[in-house]
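# Tertiary structure, described
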Amino acid sequence: MRFANPAGLALAALAIPVIVLHILRPRRTAQSVSSLFLWRSLERPVSSARPWQKLRWSALLLAQLLAVAVLAVAVARPVRLGPAKLAAHTVFIIDASASMGAIDGSPDRMSDAIAQAESLRGDLPEDGVASVVLAGPRPRVLLTASPDPDAFDAALRTIDVGEGRADFAGAFALAESLETGAQEVGFILLSDGGLTDAEQRQQPPGTVYRRVGTGETNRGVVRLTVEPRGSSLHVRATLGHFGGGPSTQRFRVDVDGVTAHAEQVELKPGTTLDVETDVPLGDRVEAFLEGGDQYPLDDRAVAVAGRRPPIDVLLAGRTTFIGELLAAIPGVTVHVAEPGAPLDTTDIDVAVFAETPVPADIDVPYLAIAPPAGAPGVAVTGTVDQPAIALVRTTDSSSPGSISPTSEWHRPKRRRPRRSSPRGRRGAPCCFAGPDPRSRGCTSPFLASSNLPVDVAFPLLGDRILTELTGTAQPTTSLEVGDSLPVPPSNAAVVIDPVGTERTIEAGDSVPVATRAGFGRSESTARPV
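Residues numbered from 1 in each chain as written. Predicted model: local features only at pLDDT ≥ 70, side-chain atom pairs only at ≥ 80, totals over all residues. Heavy atoms only, no water.

## Let's talk about the overall build of the chain
Cut-off, in case you're wondering: A run of H or I in DSSP counts as a helix once it spans at least four residues, and a run of E counts as a strand once it spans at least two, with each numbered from the N terminus. Partly exposed describes any residue whose relative accessible area lies between the buried limit of under 20% and the exposed limit of over 50%, with all areas from a 1.4 Å probe on protein chains only and scaled to the type maximum. For the area figures, the Shrake-Rupley method with a 1.4 Å probe applies, and any residue is considered shielded solely by the protein chains shown.
Summing up its helical and strand segments, the chain has eight helices and 27 strands in all. Counting the 529 residues in the chain, one finds 38% classified as buried. Carbon and sulfur atoms form 54% of the exposed surface of the chain, whose accessible area is close to 29,900 Å².

Here you go:
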């Protein structure tokens, strides 16, 4: 026998005050006298009692203790467990979320769940039927009202652990849709738990829950982002400790299948750790937390480092330092303009004018370094002493979306560089971007005469200026299992998942979703791979 509400047994503690009251009950000492006649003349009664008495059992005490025991047992709701007979139509709902891949089973939790389902299938009535619903990132029905045990086993063999959270609400809806009313129906959920309160309320009425798995030791890679920085990639990884004791493990980063960084990290229970490092350029970045635990799926994270397309730069004016800077940036081709010759901006992405006038009809984004008379939309308003680079963002009509170098990390050697200001605005930034690519520009009054070219940050500054001017920033995209894949809505595309399965998506087809972690490809004539 068990109790449905074991906490109700705490009411048995009421027996303590009952016993205390019986101990404190006054008991007067008996005294024999010859007559009570003389005592009646006294105005007040006189009594003698001892406050603490020896506990004496009585029918009243036993009745009160029995009442307390009955009350405690009634609130605890005793139940007797026995083998439950399965319904004539039993629907097996099997959790296929990523946590079912934990290796605290035989060999994992999913194997234990399948073994339980096979065992329970034998308890069906003689004419009973079974259905199987897979509760994965995309729930589906694997078997519908089949009396065949072999078909049931074959359906279970198709089950594999997913790489995302299970859609329990969808799985429960599918399970209830199998109820036809012709037979009594019952539901069995095989899962390692983790359902939210809302998901538990959505379970079909009378669902029997069979738990699998008991371990909680888990560490993993929570987040992985990659940012191109000049000739390298900057990797940020967040590692989490979700269960078990303190751990020291090896963290490794691979780029295109080659290990580029490795270090030992110490993880404390219930905390996260951020790790940052620079690695060589590449397309596919993988982060591994080695050492093993019960949840191997989250010990690996992947990211794609989007590469900027090639940039053609036209360089006019003095080429010292600037030419070397541009040539050192990966993917940049420099075309040097002949002095005095007309500027040809055909197939040019950015024009750089170093201490030379900027044409008023410039039709491509440009970088103007110490222009003698300003630049289109930029006027020279004076000089400043000991300037420092500062960041200002404005969104007014005169310089929409403007950007300026920020923070006082460098002081140029030129003592009195000119102050430039778009459209004559005082204190406005030196880089600005409008809605049209031709309205993108950047002026640097002091770059030519400062010590920036010998600074270690100079290549990074040049790379980011070109990225901003051309609008070719490649933000890293993060997709989780179950998210829609980025395919063009109006063009045919070929989607290849991480295991190599190829699918053609025609215009108007439903957008496919990511089914597993890894590297896939989306190929279309409308955009790069």
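Don't stop here, the text continues.
## Describing the packing of aromatic side chains
When we look at a pair of aromatic rings, we describe it by the centre distance and by the angle of the planes. Just so we agree on the cut-off: What counts as a ring pair is set by centres within 6.5 Å for rings of Phe, Tyr and Trp (its six-membered ring), and what kind of pair is set by the plane angle: stacked under 30 degrees, edge-to-face over 60, tilted for all other angles. Note on geometry: a ring has a charge over it if NZ (lysine) or CZ (arginine) is within 6 Å of the ring centre and within 35 degrees of the ring normal.
Per the stated rule, a full pass over the model turns up two aromatic pairs. Look at Phe-168 and Phe-172: their rings are 6.1 Å apart centre to centre, the planes differ by 35°, and that puts the pair in the tilted class. Placement of both Phe-168 and Phe-172 in helix α5 (residues 168–177) is noted, with a separation of four residues, approximately one turn of the helix. Given a relative accessible area of 0%, Phe-172 falls into the buried group. Directly above the aromatic system of Phe-519 lies the positively charged group of Arg-284, at a separation of 5.6 Å from the ring centroid.

## Thoughts on unusual backbone geometry
A cis amide bond links Ser-106 with the next residue in sequence, Pro-107, at an omega value of 0°. Inspection of the secondary structure assignment puts Pro-107 in the loop between β5 (89–95) and α3 (109–121). Of note, the phi angle at Ala-145 is positive, near 40°, even though the residue is not glycine. Tracing the backbone through its elements, the reader meets Ala-145 in strand β7 (residues 140–146).

## Quick look at the pairing of strand β16 (residues 300–304)
Where we set the bar: A pair of strands is considered paired only if DSSP assigns at least 2 bridges between the two.
Side chains of β16 alternate between two faces, with Ala-301 and Ala-303 buried and Arg-300, Val-302 and Val-304 left unburied. Bridging between strand β15 (residues 284–290) and β16 involves five bridges; their strand directions are antiparallel. If you follow Glu-286 over to β16, its bridge partner there is Val-302.

## Looking at the confidence of the model for the chain
Rules: Predictor confidence is given residue by residue as pLDDT, running from a minimum of 0 to a maximum of 100. Contacts were defined at the residue level, with two residues in contact if any of their heavy atoms lie within 4.5 Å.
Residues of the chain with pLDDT of at least 70 account for 77%, and the chain-wide mean is 79. Taken element by element, the predicted model of the chain shows its lowest mean pLDDT in strand β22 (residues 418–422) (39) and its highest in β5 (96). Scored below 50 in pLDDT, residues 391–429 shows 117 contacts in the model against residues more than four places distant or in partner chains.

## Details of the pairing of strand β26 (residues 502–505)
In terms of strand pairing, strand β25 (residues 493–496) meets β26 through four bridges, oriented antiparallel. Looking at the pairing, Ala-493 lines up with Ile-505 of β26.

## Some thoughts on the environment of Asp-104
Which entries qualify depends on this criterion: A 3.5 Å cut-off defines polar contacts: any pair of N or O atoms within that distance qualifies, except that in protein one atom must be a possible hydrogen donor and the other a possible acceptor, and neighbouring residues in sequence count only when both atoms are side-chain atoms.
Residue position: Asp-104 is located in the loop between β5 and α3. Take Asp-104: its relative accessible area is 22%, and that puts it in the partly exposed class. Remark: the alpha-carbon pair of Asp-104 and Thr-217, spanning 113 residues in sequence, is separated by 9.6 Å. Asp-104 has contacts with Arg-109, Gly-213, Thr-214, Gly-215 and Gln-294, leaving out every residue within four places of it along the chain. Polar contacts involving the side chain of Asp-104 include one to the side chain of Arg-109, which spans 2.8 Å.

## Details of the sheet that holds strand β6 (residues 129–135)
Filter applied, for reference: Between N-to-C directions, angles span 0 to 180 degrees; the directions come from axes that are lines fitted to C-alpha atoms, helices contributing only their stretch in contact.
If you trace the five strands from one edge of the open sheet to the other, you get β7-β6-β5-β8-β9, paired in mixed fashion. Every other strand in the sheet has two partners, leaving β7 and β9 (208–211) as the edge strands with one partner each. Taking each pair of neighbouring strands and ignoring which way they run, the sheet shows an average axis angle of 15°. Pairing between strand β8 (residues 185–191) and β9: four bridges, direction parallel. Counterpart to Ser-191 in the pairing with β9 is Arg-211. Along the sheet, helix α4 (residues 149–157) contacts β5, β6 and β7; its crossing angle with β7, the most-contacted strand, is approximately 175°.

## Overview of the pattern of salt bridges
Two side chains that carry opposite charge are able to pair once their charged atoms sit near each other. Note the cut-off: Within this document, salt bridges are pairs made up of a side-chain nitrogen of Lys or Arg and a carboxyl oxygen of Asp or Glu, the two lying within 4 Å of each other.
Inspection of the entire model under this criterion finds 12 salt bridges. A salt bridge links Glu-227 to Arg-236, with the nearest nitrogen and oxygen atoms 3.6 Å apart. Overall, the relative accessible area of 24% leaves Glu-227 in the partly exposed class. The exposure class assigned to Arg-236 is partly exposed, which follows from its relative accessible area of 33%. Across the pair Arg-252 and Glu-290 runs a salt bridge, and its minimum N-O distance is 2.1 Å. On the criterion of sequence distance, the pair formed by Arg-252 in strand β12 (residues 247–255) and Glu-290 in strand β15 is long-range, its members being 38 residues apart. Its relative accessible area of 15% is what places Arg-252 among the buried residues. You can call Glu-290 partly exposed: its relative accessible area is 24%. In this structure, a network of salt bridges that share partners links the residues Arg-250, Arg-252, Asp-254 and Glu-290.

## Here we look at α3
This is how it is decided: Expected span, for any helix, means 1.5 Å times one less than how many residues it has. Read the arc as the range of directions from the helix axis to the C-beta atoms.
Taking 1.5 Å as the rise per residue, α3 with 13 residues should run 18 Å; its terminal C-alpha atoms sit 18 Å apart, in good agreement. Of the residues making up α3, those classed as buried are Arg-109, Met-110, Ala-113, Ile-114, Ala-117, Leu-120 and Arg-121. Looking down the long axis of α3, one finds its buried residues gathered within 140° of arc, a one-sided arrangement. In this structure, the buried side of α3 is in contact with β5, β6, β7, α4, β8 and β9.

## Concerning the sheet that holds strand β14 (residues 272–280)
Strand order across the open sheet formed by three strands is β10-β11-β14, with antiparallel pairing between neighbours. With partners counted over all chains shown, the strands left at the sheet margins are β10 (218–229) and β14, one partner each. Across this sheet, the average inter-strand angle for adjacent strands is 20°, counted without regard to direction.

## Looking at the nonpolar core
Where we set the bar: Only buried Ala, Val, Leu, Ile, Met, Phe, Trp, Tyr and Cys residues count toward a nonpolar core, and they belong to the same one when joined by side-chain atoms within 4.5 Å.
If you look at the biggest cluster of nonpolar residues, it comprises 23 residues, and the most contacted ones within it are Phe-92, Ile-94, Met-110, Ala-117, Phe-152, Leu-156 and Ile-159. Taken together, the elements giving at least two residues each to this core come down to β5, α3, β6, α4 and β8. The leading source of residues in this core is α3, at five residues. Apart from residues no more than four positions distant in its own chain, Ile-159 is found in contact with Ile-94, Met-110, Ile-114, Leu-134 and Leu-142. With 20 residues, the next largest nonpolar core counts Val-255, Val-265, Val-275 and Ala-287 among its residues.

## Some points on the environment of Val-235
Locating Val-235 in the fold gives a position in strand β11 (residues 232–243). Accessibility expressed as a relative area gives 1% for Val-235, which makes it buried. As for Val-235 and Val-285, which are separated by 50 residues in sequence, their C-alpha atoms are 8.7 Å apart. With sequence-adjacent residues up to four places away left out, Val-235 is seen in contact with Leu-224, Thr-225, Val-226, Val-253, Val-275, Glu-276, Thr-277, Val-279 and Val-285.

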